[in-house]
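Given next are the chains, with one letter for each unit.
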Amino acid sequence: MRALVTGGAGFIGSHLVDRLLAEGWSVTAVDNFDPFYDPKMKRRNLEAHIDSEWFELIEADIRDLESSDLTGNYDVIVHLAAKAGVRPSIQDPVGYQDVNVRGTQKMLEIARVLGVRHFVFASSSSVYGVNPNVPWREDDCVLLPISPYAATKVAGELLGHVYSHLYGIRFIALRFFTVYGPRQRPDLAIHRFARLILNGEKVPIYGDGSSRRDYTYIDDVIEGVRRAMDYSTTQYEIINLGNNRTIGLLEMVRALEGVLGRKADLEFLPEQPGDVPQTWADVSKAERLLGYTPRTKFEDGLRRFAEWLQSYADQA
Ligand code: NAD
């Protein structure tokens, strides 16, 4: 089996590449090593595979990619490349739109031209925005996004519907809920806070600390992505990949202090525009369609993240 993984050098993408190669897939990763965070970290994510005959890395921007750059015969495209992050999208809405919407359209065109029949798309819990009906269900059409990033993910889901309808490409949008674990993006709270705590710097708490997130461990997410790659019952689905357990911001900080063995020096600051007060996934559809069951306890996942952070720092 052969997969094309966009954003394959990133946090989620590189874990998927590991998993697919371990299962005997042939994998082409496309990534432009964008400077949103240190590209050295992304190169390290892939270093174990760079010489593998089953692995190909194409360093390219998805917006410039043409079907002729690719050898074809992919069984599936997993499209993870994006400008990620809610807050920076408010500073650069046009850039986010260009990569996340036009870039997704380009990848769908490539799927059409190459005749790839299965397309998995990284959507986001942020599409629900300030929808108060928690836990969020995919059949609740009340999407109330409050950031440009979130709106680009809604657009990606809609583009997928068009291609699924017109060209019979099976399109599965996975709404990820705050993914954490080894290699997590450094802009995300767990990673950012861990570094601040270890350096003895102040940890900014935006708002009163009451915001809540449905944190999902990377291995559980990868299991869900893998199952979505095999799913073949219907042509278009949107599926939450969350954990169905929300954790308060201060609760997260306390748990992080526990695994790091250090106290955090908190600094309370005003709420940030674009940040939603809570995320909470109903995962019954993922269970029903994919047999997905998140298994990792938050403290266990945090411990594995902390171990990785330590080993990453030791190698630097
Ligand atoms: P990441 O930034 O680690 O990975 C994204 C990768 O895409 C990076 O390696 C980057 O270099 C690459 N990329 C960016 N723009 C590109 C372009 N124009 N052409 C080619 N490559 C490009 O982020 P991640 O956390 O692994 O997220 C993967 C996907 O999941 C993204 O689509 C993100 O929006 C989505 N998502 C992530 C989370 C999360 O909690 N991590 C939550 C919801 C959705």
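None of these values were measured; they are calculated from a predicted model. Each chain carries its own residue numbering, running from 1 in the direction its sequence is written. Residues qualify for local features only when their pLDDT is at least 70, as the model is predicted, and side-chain atom pairs are given and counted only at 80 or more; totals for whole chains, interfaces and linings, by contrast, use all residues. Calculation of side-chain values draws on the structure's entire complement of heavy atoms; hydrogens and water are dropped beforehand.

**What about helix H5 (residues 148-167)?**
One full turn of an α-helix is made of 3.6 residues, so residues set three or four places apart face in the same direction. Rule in force here: Comment: elements are numbered from the N terminus, with helices defined as DSSP H or I runs of at least four residues and strands as E runs of at least two. The span you would expect from a helix comes to 1.5 Å times its residue count less one.
Relative to the 28 Å expected for 20 residues at 1.5 Å per residue, H5 spans 28 Å between its end C-alpha atoms, a close match to the ideal helical length. Directly after H5, the chain includes Gly168, whose backbone phi takes a positive value near 70°.

**Comments concerning the pattern of salt bridges**
Put simply, the test is: Definition used for salt bridges: Asp or Glu carboxyl oxygen within 4 Å of a side-chain nitrogen of Lys or Arg. Relative accessibility decides the category of a residue: with a 1.4 Å probe and only protein chains considered, values under 20% of the type maximum give buried, values over 50% give exposed, and everything between is partly exposed.
In this structure the tally under the stated criterion is 27 salt bridges. Here Glu109 ties to Arg112 by a salt bridge, and the two come within 2.7 Å at their closest N and O atoms. Here the residue Glu109 and the residue Arg112 both occupy positions in helix H4 (residues 93-114), the gap between them amounting to 3 residues, near one helical turn. Under the relative-accessibility criterion, Arg112 is labelled partly exposed at 35%. Of the charged contacts in the structure, one is a salt bridge between Glu157 and Arg175, with a shortest N-O distance of 2.8 Å. With Glu157 in helix H5 and Arg175 in strand E6 (residues 170-176), the pair connects residues that are 18 residues apart, well separated along the chain. Each member of the salt-bridge network shares a partner with another, and the members are Arg19, Glu23, Glu223, Arg226, Arg227 and Asp230.

**Regarding the side chain of His191**
Just so we agree on the cut-off: Any pair of nitrogen or oxygen atoms within 3.5 Å is treated as a polar contact; in protein, a donor-acceptor pairing is required on top of that, and neighbouring residues in sequence qualify only through side-chain atoms on both sides.
Tracing the chain through its elements places His191 in helix H6 (residues 189-198). Its relative accessible area of 0% is what places His191 among the buried residues. Polar side-chain contacts of His191 include one of 2.7 Å to the backbone oxygen of Gln184.

**Topic: the packing of helix H1 (residues 11-22) against helix H7 (residues 218-230)**
Rule in force here: Throughout, an axis means a line fitted to C-alpha atoms (over the contacting stretch in the case of helices), and angles, computed between N-to-C directions, take values from 0 to 180 degrees. Each crossing gets its handedness from the near helix: less than a right angle anticlockwise from the far helix is left-handed, clockwise is right-handed. Here a residue-residue contact requires only that any non-hydrogen atoms of the pair lie within 4.5 Å. Here the term charged refers only to Asp, Glu, Lys and Arg, the term nonpolar to Ala, Val, Leu, Ile, Met, Phe, Trp, Tyr, Cys and Pro, and the term polar to all other amino acids, Gly among them.
One way to put it is that H1 packs onto H7 with a least axis distance of 10 Å and a crossing angle of 65°. Note on packing geometry: the crossing formed by H1 with H7 is right-handed. Listed contacts from H7 to Phe11, Ile12, His15, Leu16, Arg19 and Leu20 of H1 are Ile218, Val221, Ile222, Glu223, Val225, Arg226 and Met229. Here the contact of H1 with H7 is built from residues that sort into 9 nonpolar, 1 polar and 3 charged.

**Brief notes about the packing of aromatic side chains**
Where we set the bar: For this analysis, a ring pair means two rings from Phe, Tyr or Trp (six-membered ring only for Trp) whose centres lie within 6.5 Å, classed as stacked if their planes differ by under 30 degrees, edge-to-face if by over 60, and tilted for the remaining angles. Lysine and arginine charges are scored as sitting over a ring when NZ or CZ, respectively, is within 6 Å of the ring centre and within 35 degrees of the ring normal.
A full pass over the atoms with the stated rule returns 15 aromatic pairs. Measuring from ring centre to ring centre gives 5.4 Å for Tyr163 and Tyr167, while their planes differ by 55°; the resulting arrangement is tilted. Linking Tyr163 with Tyr167, this pair stays in helix H5, spanning 4 residues, or about one helical turn. Residue classification places Tyr163 among the buried residues on the basis of a relative accessible area of 6%. An aromatic cluster is defined as three or more aromatic residues linked by ring pairs; in this entry it consists of Phe119, Phe121, Phe171 and Tyr236. Taking the ring centre of Phe33 as reference, the NZ or CZ of Arg43 above it sits at 3.9 Å. One residue, Arg175, lies across the ring of Tyr128, its end atom 4.7 Å from the ring centre.

**Considering the site of the ligand**
Stated formally: When we say a residue is near a molecule or strand, we mean one of its heavy atoms is within 4 Å of it. Accessible surface is estimated by sampling points in the Shrake-Rupley manner with a 1.4 Å probe; for residues, cover comes only from the protein chains shown.
Looking at the ligand, there are 29 residues lining it, with Asp31, Tyr37, Leu80, Tyr149 and Val179 nearest. Within the backbone of Asp34, an N or O atom sits 3.1 Å from an oxygen atom of the ligand. Within the side chain of Arg185, an N or O atom sits 2.9 Å from an oxygen atom of the ligand. For the ligand, whose accessible area on its own is 820 Å², the fraction buried by protein is 98%. Listing elements by their share of the shell around the ligand, those giving two or more residues are H1, strand E5 (118-124) and H5. Here the shell around the ligand gets 3 residues from one element, more than from any other, and that element is E5.

Honestly, it's all geometry; don't read function into it.
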